[in-house]
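What follows is each chain in one-letter form.
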Amino acid sequence: AGMRVAVVGAGVSGLAATKCCLDEGLEPTCFEQSQDIGGLWRYTEHIEAGRPSLYPSVISNTSKEMSAFSDFPYPEDFPVFLPNARLLEYLRCYTERFGLREHIKFGTTVISIRKHPDFATTGQWNVVTEADGKQASHVFDAVMVCSGNFSEPSLPLHCFPGTKFQGQYFHSRQYKQPDVFQGKRVLVVGMGNSGVDIAVEATRVASKVTICTHRGAWLLSRVFDHGYPWDMVFNTRLMSLIRNSLPGPLSWGLVNYKMNQRLNHENYGLQPEKSCLVREPVLNDDLPSYILTGRITIKPGVKEFKANSVVFHNCSEEEPIDTVVFCTGYNVSFPFLEESVVKVENKHGSLYKYVFPTHLQKHTLAVIGLIKPLGAIMPLTEMQARWVTRVFKGRRADGSSPGYQNTSFSCLSFLSDSLRFGLSFDEVLKTEWLLYMDTLASFIGAKPSVVGLLFRDPWLALTIFFGPCSPYQYRLEGPGHWEGARQAILTQWDRTLKPTRTRVPAGSSTSFPSLLIVVGFLLLLAAIIFGL
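Residues numbered from 1 in each chain as written. Predicted model: local features only at pLDDT ≥ 70, side-chain atom pairs only at ≥ 80, totals over all residues. Heavy atoms only, no water.

Student: What is the right way to look at the pattern of salt bridges in this model?
Tutor: Pairing between side chains of opposite charge can happen when their charged atoms approach one another. Scanning all chains against the criterion turns up 19 salt bridges. Between Asp-71 and Lys-19 there is a salt bridge, with its nearest N and O atoms 2.5 Å apart. Of this pair, Asp-71 sits in the loop between helix H2 (43-48) and helix H3 (84-97) while Lys-19 sits in helix H1 (residues 12-23), and the two are 52 residues apart along the sequence. Among the salt bridges present, the one from Arg-101 reaches Asp-36, with a minimum N-O distance of 3.8 Å. You can see Arg-101 sitting in the loop between H3 and strand S3 (104-106) and its partner Asp-36 sitting in the loop between strand S2 (27-32) and H2, a full 65 residues away along the chain. Look at Arg-101 and you get partly exposed, because its relative accessible area is 32%. (Salt bridge = Lys/Arg side-chain N within 4 Å of Asp/Glu carboxyl O. Helix = DSSP H or I, 4+ residues; strand = E, 2+ residues; numbered from the N terminus. Buried < 20%, exposed > 50% of the residue type's maximum accessible area, 1.4 Å probe, protein only.)

Printed below as a string of structure tokens:
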């Protein structure tokens, strides 16, 4: 029989994991506690069921070309940044196209995952699940944990001195609709994406909205230079090379210059502390104009809460407040795993490349989609799953693990120290999206070789190096090679412009690619001269 793999959760990462298992000839069984795929992106049912959820109009923070699964581009008529209904539609198409549904058991909750008695020799796991009130026990050869949303909201109210606050307060996870802020003076603690989104929504009905942040944050807009999507300009191999080969202060200076070009962060009270280079930028298109029109005020971190007011650091007077929303991140937990599997000590887990628990004798359990990179999560979870399924398969064959030796295991911190006030996201990943993708791709031999391509297919090589690092690049070679990858890369701008270039004035031409060619050759020339 083939190798049996249990996949926990049928969200974005669970679907990718199931598909990668099938690609590698493994036998996946995916357990999903709800009645449908899509995890966090399926907001409507959440609201009908009265469960906490993301609010109805969630729009993805990454553009469609950068966030597609690497062998399944979005349809060209989809908008560039997708509302979650369209994203769900895409996930349904993906599920159909690769026949994933028949491998998913809906309405089934994973109760526990424990090592099989013969784990030391077989690496097997005992998995207990529950459906319709009845429990069942299964034995699996390997497990992929894809249930990122088992995270518990971190509500750090007790950490503030003088917690006598009498008003209403809740965590951003509990937020449903802005009506709760009707006529209220609202304080949002923490400056992450959810915090800023909630603050912007609150201004419609609240009498006053304040965001307090201890450390500030860079503010990015989905609409970047010349109106192109931010990630298609930001996540290119050229930009990544520049950012990562410069010495620290110089790299910080460059980012600082670039970020402040569009918006002087200091004038808006947003400039991050110098120590926070890795700080995830906030993606919001409305905040600057809301600050400028006085609808939102930015304040430093909270010093203490009074009965119905708050005192900020470096401010003497109290600020009256009715409602507090804590956007203070999550403490990730895996209630169905033994503590010893993913050791979580003082909020640090020991996971090799944020995926494999470092201290298991057999590497037959992997955690997928736990990290939050500055870039798209879908291709990243897919890349993790491609690597993991190769490792599982390799282990089965000769008992050793391809892709890494035990000596290179390093304990990596992957959980947020979310009680340092103002930390409004899980500070999970210090590396860049592109570097991380390349690292995992090189483990399985799927990293594109720009130099190699330069002689075989110069136009493709230039597009890969100077253009956006779209996920299709990781299907050009190696296992999982996809015939359509080259075409998908060369037509990525067409699909990006299609939904918006809906009115073209007479006699206009598209100047982007020709400009790209000129600039590309100049830069290439410079690179060759410098190289020599």
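The rest of the description comes next.
Student: Honestly, the side chain of Thr-29 in this entry has me stumped. Any pointers?
Tutor: Examined against the element boundaries, Thr-29 turns out to sit in strand S2. The buried category is assigned to Thr-29, whose relative accessible area is 15%. Discounting residues that sit within four places of it in the chain, Thr-29 has contacts with Val-5, Ala-6, Val-7, His-103, Lys-105 and Phe-140. (Contact = heavy atoms within 4.5 Å.)

Student: Quick question: what am I supposed to make of helix H11 (residues 433-444) here?
Tutor: The α-helix advances 3.6 residues per turn, and as a result positions three or four apart in sequence lie on the same side. Here H11 contains twelve residues, and its C-alpha end-to-end distance of 17 Å stays within 8% of the 16 Å for a straight helix at 1.5 Å per residue. All of the buried residues along H11 are Trp-433, Leu-434, Tyr-436, Met-437, Asp-438, Leu-440, Ala-441 and Ile-444. Phi for Gly-445, located one or two positions after H11, is positive at around 75 degrees. (Expected span 1.5 Å × (residues − 1).)

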